[in-house]
Amino acid sequence: MSDIVLSAGERTGSVKIPASKSQAHRLLICAALGKESTEIICDGISKDIAATAECLRALGAGIALDEGAGRFLIKPITQSGSLRSKRSAADTKNAFCNLHCGESGSTLRFLIPVAGALGRSVVFHMEGRLPERPLAPFDDELRAHGMEIKQEGSLLYCSGKLKAGEYTLPGNVSSQYISGLLMALPFLEGESTLKIAGSLESAGYVAMTEEVLHIAGINFEKTADKYRIKGGQRTELPQVTEAEGDYSNAAFFLCAGALSERGVRVCGLSEESVQGDRAVLDVLRRFGAEVTENNGAVTVKRQRLRGIMIDAGPIPDLIPVLSVVAAAAEGETKIINAGRLRLKESDRISSTAAMLTALGADVTELEDRLVINGKTALTGGIVDSANDHRIAMAAAVAACVSQNPVTVCGSECTAKSYPRFWDDFKSIDPE
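Predicted model, so just to flag it, every value in this text is computed and none were measured.

Help me understand the sheet that holds strand S3 (residues 38-41) in this model?
What holds strands together in a sheet is hydrogen bonding between their backbones, with the strands either parallel or antiparallel. Taken in spatial order, the four strands make up an open sheet running S4-S5-S3-S14, and their pairing is mixed. This sheet does not close on itself; its edge strands, each paired only once, are strand S4 (62-66) and strand S14 (240-242). Going from strand to strand, the sheet's axes swing by 20° on average, the running direction of each strand aside. Note that S3 and S14 share three bridges and pair parallel. Paired with Glu-39 across the bridge in S14 is Val-240.

What follows is the structure in C-alpha cells.
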C-alpha cells in the first residue's frame, strides 16, 4: 500500500483526459466478435480495460497491445476459432477456460452472456469485492435461456449455449446486465427481445452500448421498454476506431476547476458524447460553477457555489467527487437515490462519508443518501481510499479546498481506471 501527500490549495492548468473506459470495453468486445481484424485506439490502458482484453484473448481473440501508441490490434475470435467451428478436444471434455476479470464488474457482466453466445465453458476469477456484488436476477434470466451458472467463492463457473428468446431485466439494478445482453443477443440463432421492466437507471451507459452497436453495424429495433434483435448478425467496426475521452475520469479535474478561481481546462472530450457522466457539466452549473465548452475542451472555474439536490441514480460514479464540491458549497446538498453505491468497489455511501469526515466536512450518512452541509474550507487530513479508485481521486480533489495537506492511503488503487491520475493531478499542482 502506498500513500501520497497532496499539498493544500486551489489547482489550475490543463489536462488531456484518457480514453473512456466504458466505451473501450464495448469496442474491444465488438471487435473480438467481428468479421475482420480491426484497430482500437485507446489512450490510457487501465486495469479494467486490460482485464477485458485478457479475457477476450483467453476466449480466442488475437489481441496485440502497443501500449506506447495506445492501440489494440484485434483479430476476431471468429478468425481463430469460429463461433460455428468444431470444438477442440479440451472443449469436448467440457474443460473450463480461465477468464481473469480482476475487480472489473463491466468485464464480468458483459462477458457472461458473450461466453454463452459462444457456447464456451468458462470460469471467471474475481478479485476484491467483485465476488460479493450481486448477479441476480441476471444469472436467473441467463439460466432460463440455456446457461449454467454457479459461484464458488471468488470463482464463477459458466457453461451452456445461450438461446434466443424473450428476455426481461429490471432497469433499476444494473445497466451492465442490459449492455451485456445487447452485445451478445445479435450473435444467437433466431430473433430475441429484451424487455426493460420499470424505470431505467444509468441510461447513459445503455445509450453508449447502443451507439457502439450502431457503429459496428448491428441492427435492432427499440421501443420505449423493449429491444427486438435479429439473430445471426456479426459486428463490423471501421478498420480503425478511437475511444473518446472519458467524462467519468474528467469529472475529477472538472470538479477541481469548480474549486478554483483560475479554473482547470480538460481536453479530449466530445461535446456530442452520450456518456452518462457528461451530466457532471450540468451538475456543476447547478452548483454555480462557470462551465465553458469549446472544441473538445471544457473549462470550469469557481463562482459562488450553493448546495443543491443530486439524484445519484443516473450518475453513481460521480457521487464521491461531487460530494467534495458539495462540502465547499453554501448551504445543504442532498444526494438521494444512492443505495446502489453500497455495491461498488467499496460501500461508497460509507466510504464517501468517511472520506469527507476525515477531512473536516459536515456530512450525514443515511441508508440511501448523503446530506452535506457546506463549509468555507476543509481542514485536510488522512483518508483511507478503501481500495476504491473513485474515493482516492475524490480525496485528491478535496485538497483543492483544504487548509492543510491531504494524505491518501492506498493511492495505487487509481490504476483500476486511471493509471496516470497522480501524474496528471501533479501537473495542476498549486504554484
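There is more to say, and it comes next.
Where do I start with the pattern of salt bridges in this structure?
Pairing between side chains of opposite charge can happen when their charged atoms approach one another. In the structure shown here, the tally under the stated rule is 31 salt bridges. Note that Arg-143 is salt-bridged to Asp-139, the shortest N-O span being 3.5 Å. One end of the pair is Arg-143 and the other is Asp-139, both in helix H5 (residues 138-143) and four residues apart, which spans about a single turn. The exposure class of Arg-143 is partly exposed, given its relative accessible area of 35%. Each of the salt bridges in this network shares a partner with another, and the network as a whole consists of Lys-21, Asp-48, Asp-317, Lys-344, Glu-345, Arg-348, Asp-388, Arg-390 and Lys-416.

Would you mind going over the nonpolar core with me for this structure?
The nonpolar side chains of a soluble globular protein tend to be buried, and buried together. Of all hydrophobic cores here, the largest spans 73 residues; its most connected members are Phe-253, Leu-284, Phe-287 and Leu-322. Considering every element that reaches this core, the biggest residue donor is helix H8 (residues 247-258), with nine residues. If we ignore the near neighbours within four places in the chain, the residues touching Leu-284 are Leu-254, Cys-255, Ala-258, Ala-289, Val-291, Val-300, Leu-322 and Val-325. Counting 68 residues, the second-largest nonpolar core is a separate cluster that includes Ala-61, Val-114, Ala-115 and Met-183.

What counts, and where the lines are drawn
Residues numbered from 1 in each chain as written. Predicted model: local features only at pLDDT ≥ 70, side-chain atom pairs only at ≥ 80, totals over all residues. Heavy atoms only, no water. Pairing = 2+ DSSP bridges. Helix = DSSP H or I, 4+ residues; strand = E, 2+ residues; numbered from the N terminus. Axes fitted to C-alpha atoms, helices over the stretch in contact; angles between N-to-C directions. Salt bridge = Lys/Arg side-chain N within 4 Å of Asp/Glu carboxyl O. Buried < 20%, exposed > 50% of the residue type's maximum accessible area, 1.4 Å probe, protein only. Core = buried A, V, L, I, M, F, W, Y, C linked by side-chain atoms within 4.5 Å. Contact = heavy atoms within 4.5 Å.

Functional significance is not addressed by these values, which are geometric in nature.
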